[in-house]
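# Chains, contacts and geometry: an overview
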Amino acid sequence: MPKPASLAAVSLGDVADLADFAQSRPHLPERIVERTRYRTIWISDVHLGTRGCNADMLVDFLDHVDSDTMYLVGDIVDGWRLRRKFYWPAAHNDVVWRLLRRAGRGTRMIFIPGNHDEAFRQFCGLDFGGIAIRRNAVHETADGRRLLVLHGDEFDAITLAHRWLAHVGDHAYTLLMAANRLVNAARRRMGMPYWSLSKHAKARVKNAVAFISRFEEIVAEAAGARGVDGVVCGHIHTAEMREIGGVAYYNDGDWVESATALVEHLDGRMEILHWADVIAGRERPAPLALAA
């Protein structure tokens, strides 16, 4: 596998080498469990290469679900952070290995690079190791709806017009995620489940709430102008399903704060999976049966 630290100048050979990486062995072998099957899975904003990435939870997710199609909706690898400081533990390799193995087993995989892994945008239109790299895509659901799939940074005025400010915000976000890790380390020692400090903070900051709402409206409006029935995006780390002006808006969330994925059931029904809650429910002892 090409060193992730080279993301600032990813070459065609580096990307092609990913197919060989799929033939190696992961640090943590795949779990042999019964998998829940979906028609389609969307994940984004994994931010591999950062300490905030919940790679262990994502590995668990990938070992428990399967699908005909899977979309990687941007910011899978954090090139911004890797350019500043190299960080790549074994669990991050395990995520990449599982994604490539999934493609090798026949899952249709579409990778739509985001702003943090924008180095891969130069390869849009090409396929590597069974993964199609696209700038955006249109997905047709089982019930016949057409959904535009894109990362979403195209509609972030701060990222587009003031790139330096986006990087300042990224530093502030790094500090918040460091606090998030400390809080959850303490919660684990007390036997408590994962809880997102950053998600809690965003929900209570008026400006953040207003930005998220406006972002959702702009993305839905742009999708409507394209003549599709809905849109799936990531970017703002806020999982959501709602209708805006007659357009279905879906955001698959992230694997830094919320550990969420968007899934399409076999009948076309859409659902957001909160994987920290799934793990907590799995580990919670079953209630004792009452005596007759």
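First, a word on scope: everything that follows refers to the structure included in this document. Everything numeric in this text was worked out from a predicted model, so none of it was measured. (Residues numbered from 1 in each chain as written. Predicted model: local features only at pLDDT ≥ 70, side-chain atom pairs only at ≥ 80, totals over all residues. Heavy atoms only, no water.)

### Some words on the pairing of strand E3 (residues 108-111)
The condition that has to hold: Whether two strands pair depends on DSSP finding at least two bridges between them. The helix count covers DSSP runs of H or I at least four residues long, the strand count covers runs of E at least two residues long, and both are numbered beginning at the N terminus.
When strand E2 (residues 65-72) meets E3, the two strands line up parallel, connected through 4 bridges. For leucine 72, the partnering residue across the bridge sits in E3 and is phenylalanine 111. Bridge count between E3 and strand E5 (residues 131-133): 3 bridges; the pairing is parallel. Considered in E5, the bridge of methionine 109 is made with isoleucine 131.

### Things to note about the environment of threonine 69
What counts is decided by this rule: Think of it in three bands: residues with accessible area under 20% of the maximum for their type are buried, residues over 50% are exposed, and the middle band is partly exposed, with areas taken using a 1.4 Å probe on protein chains only. Any pair of residues with heavy atoms lying within 4.5 Å of one another is described as a contacting pair.
Relative to the helices and strands, threonine 69 resides in strand E2. Exposure remark for threonine 69: the relative accessible area of 9% places this residue in the buried category. For threonine 69 and glycine 106, which are 37 residues apart along the polypeptide, the C-alpha to C-alpha distance reads 9.0 Å. Ignoring sequence-local partners within four residues, the contact set of threonine 69 consists of Arg39, Thr40, Ile41, Thr107, Arg108 and Ile110.

### Quick look at the pattern of salt bridges
Operational definition: Salt bridges are defined as contacts in which a side-chain nitrogen from Lys or Arg sits within 4 Å of a carboxyl oxygen from Asp or Glu.
A full pass over the atoms with the stated rule returns 14 salt bridges. In this structure, glutamate 154 and arginine 135 form a salt bridge, with 3.3 Å as the shortest nitrogen-oxygen distance. In this pair, glutamate 154 is assigned in the loop between strand E7 (146-149) and helix H6 (157-161) and arginine 135 in the loop between E5 and strand E6 (137-140), connecting sequence segments 19 residues apart. Take glutamate 154: its relative accessible area is 23%, and that puts it in the partly exposed class. Taking relative accessible area as the criterion, arginine 135 reaches 33% and is therefore assigned partly exposed. Across the salt bridge formed by arginine 214 and glutamate 217, the nearest N and O atoms sit 3.5 Å from each other.

### Remarks on the sheet that holds strand E12 (residues 270-274)
Spatial strand order, E4-E5-E3-E2-E1-E11-E12: 7 strands in an open sheet with mixed pairing. With partners counted over all chains shown, the strands left at the sheet margins are strand E4 (127-128) and E12, one partner each. As paired strands, strand E11 (residues 260-264) and E12 are joined by 5 bridges and run antiparallel to one another. Residue pairing across strands places leucine 262 opposite isoleucine 272, the latter belonging to E12.

### Observations concerning the pairing of strand E9 (residues 240-244)
Regular strands have side chains that alternate between both faces of the sheet. Looking at chain direction, E9 and strand E10 (residues 247-251) are connected through 5 bridges and run antiparallel. Pairing of arginine 242 across the sheet is with tyrosine 249, part of E10. Hairpin geometry of E9 and E10 is characterised by an intervening segment of 2 residues between the two adjacent antiparallel strands and by a positive phi of about 60 degrees at glycine 245.

### Focus: helix H10 (residues 275-283)
Operational definition: The directions from the helix axis to the C-beta atoms are what the arc is built from.
All of the buried residues in H10 are Trp275, Ala276, Ile279 and Ala280. Looking down the long axis of H10, one finds its buried residues gathered within 140 degrees of arc, a one-sided arrangement.

### Here we look at unusual backbone geometry
For aspartate 45, which is not a glycine, the phi torsion comes out positive at approximately 50 degrees. Within the secondary structure, aspartate 45 sits in the loop between strand E1 (36-43) and helix H3 (55-64). Although it is not a glycine, alanine 259 sits at a positive phi angle of roughly 55 degrees. Taking relative accessible area as the criterion, alanine 259 reaches 0% and is therefore assigned buried.

Just distances and angles here, no functional claims.
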